[in-house]
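# Coordinate analysis (summary)
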Amino acid sequence: MSLDVSPQLLAEAENGPVREEDFVETVRVSLPYAYDLVARLAGELRDGTAEFADNQTPPPSERERGQLLRALSSDAIRGSLERHFGIALAFQNCHRVAAFHPEARGGETHTRFTSLRAQILNQSPEFRDC
C-alpha cells in the first residue's frame with residue numbers, strides 16, 4: 001500500500017472531494033523519504049540559480065527507493081507534490097529526480113533532461129532491477 005490513509009481522510013473521500021493539503025500531509029507521513037527529497041530539491045531550485053535541481057544519490061535502502069517510486073509513479077501524488085512545492089518534477093531512473101520551475105516544462109533544458117537520449121545515458125547495470 002502506498003499511503004497510510006487516516007479513517008477521517010477515507011471518510012472524506014467517500015463523501016466527496018478531499019482537500020489537497022490533507023492529501024499532501026498523508027503523503028508526507030506515509031512516504032517521508034520521497035517527500036523530504038522533493039522538498040529538498042524544491043528548496044535548492046528556489047534558492048539557487050540553476051535551471052533545475054536534481055538528486056543523483058541512491059536511496060539508503062530499498063524501503064526508501066520504494067517510497068520514491070510509489071510517489072513518482074502515482075499521478076495524484078506526483079501532481080500534488082508539484083503543486084504543493086510549485087515545481088515540475090522529472091524522473092529518469094530509480095533515484096534521479098529533478099525539480100524544474102513549472103514554466104520550464106517543455107523548454108530546452110527540461111526536454112533534454114527528459115529525452116530518450118538522457119534516459120539511455122543515465123542507465124547502468126546496477127539500476128536494472130531497481
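Residues numbered from 1 in each chain as written. Predicted model: local features only at pLDDT ≥ 70, side-chain atom pairs only at ≥ 80, totals over all residues. Heavy atoms only, no water.

### Section: the overall build of the protein chain
To keep it simple, the criterion reads: Only DSSP runs of H or I reaching four residues or more are called helices, and only runs of E reaching two or more are called strands; each is numbered from the N terminus. With C-alpha atoms as the basis for the radius of gyration, the globule rule is written as 2.2 Å multiplied by the number of residues raised to the power 0.38. Type-normalised accessible area, obtained with a 1.4 Å probe on protein chains alone, sets the label of each residue: buried when under 20%, exposed when over 50%, and partly exposed for intermediate values. The accessible surface values rely on the Shrake-Rupley method and a 1.4 Å probe; as for residues, cover is taken only from the protein chains in view. Charge convention: Lys and Arg are scored as positive, Asp and Glu as negative, and His as well as the terminal groups of each chain are ignored. By convention, charge coordinates are those of NZ in Lys, CZ in Arg, CG in Asp, or CD in Glu.
A count of helical and extended segments in the protein chain gives seven helices and three strands. Counting from the amino terminus, helix and strand elements in the protein chain follow one another as α-α-α-β-α-α-β-β-α-α. At 15 Å, the protein chain has a C-alpha radius of gyration in line with the 14 Å of a compact globule built from 130 residues. Once the C-alpha set of the protein chain is aligned to its principal axes, its extents read approximately 45 × 35 × 25 Å. Residue burial in the protein chain is summarised as follows: out of 130 residues, 39% are buried. Accessible area of the protein chain: about 7800 Å², with a carbon and sulfur share of 52%. Side-chain charges in the protein chain split into 14 positive and 20 negative, and the spacing between the mean points of these groups amounts to 5 Å.

### Side note on the pattern of salt bridges
The line we're drawing: Here, a salt bridge means any Lys or Arg side-chain nitrogen found within 4 Å of an Asp or Glu carboxyl oxygen.
Inspection of every chain in the model, using the stated rule, returns 10 salt bridges. Linking Arg-19 and Glu-21 is a salt bridge whose minimum nitrogen-to-oxygen distance equals 3.7 Å. Where Glu-62 meets Arg-65, a salt bridge forms, and the shortest distance between an N and an O atom there is 3.3 Å. Of this pair, Glu-62 and Arg-65 both sit in helix α4 (residues 62–73), three residues apart, roughly one helical turn. What you see here is one network of salt bridges that share partners, running through Arg-19, Glu-21 and Asp-22.

### Observations concerning the side chain of Thr-26
Using the following cut-off: Contacts are assigned to residue pairs that have any heavy atoms within 4.5 Å of one another.
Locating Thr-26 in the fold gives a position in helix α2 (residues 20–30). On the basis of relative accessibility, which here comes to 10%, the residue Thr-26 falls in the buried class. Excluding its chain neighbours within four sequence positions, the residues that come into contact with Thr-26 are Leu-3, Asp-4, Val-5 and Leu-9.

### Comments concerning the sheet that holds strand β3 (residues 97–100)
Formally: Pairing between two strands requires that DSSP report at least two bridges joining them. Simply put, an axis is a line fit to the C-alpha atoms, just over the touching stretch for a helix, and the angle between two N-to-C directions goes from 0 to 180 degrees.
Strand order in this open sheet of three strands is β1-β3-β2, and the pairing throughout is antiparallel. Two strands close off the open sheet at either side, each with one partner strand: β1 (52–54) and β2 (88–91). Each adjacent strand pair in this sheet contributes to an overall mean axis angle of 25 degrees, direction not counted. When β1 meets β3, the two strands line up antiparallel, connected through three bridges.

### Quick notes on the pairing of β3
Covered by surrounding structure in β3 are Val-97 and Ala-99 together with Ala-98 and Phe-100, the residues of both alternating faces. One ladder, built from four bridges, connects β2 with β3; its direction is antiparallel. What sits directly across from Ala-88, in β3, is Phe-100.

### Digging into the nonpolar core
Going by this rule: To define a nonpolar core, start from buried Ala, Val, Leu, Ile, Met, Phe, Trp, Tyr and Cys residues and group those joined through side-chain atoms within 4.5 Å.
Ile-77, Leu-81 and Ile-87 are the most contacted members of the largest nonpolar core, which totals 23 residues. Of all the secondary structure elements, the ones that give two or more residues to this core are α2, α3 (32–47), α4, α5 (75–85) and β3. No other element matches the seven residues that α3 contributes to this core. When neighbours within four sequence positions are excluded, Ile-87 is seen to be in contact with Val-38, Ala-42, Leu-45, Glu-82, Ala-99, Phe-100 and Pro-102. Counting five residues, the second largest nonpolar core, distinct from the first, contains Ala-88, Ala-90, Ala-98 and Phe-100.

### Focus: the side chain of His-110
Of note, His-110 is situated in helix α6 (residues 108–113). Excluding anything up to four places from it in sequence, His-110 contacts Ala-90, Phe-100, Ala-104 and Arg-105.

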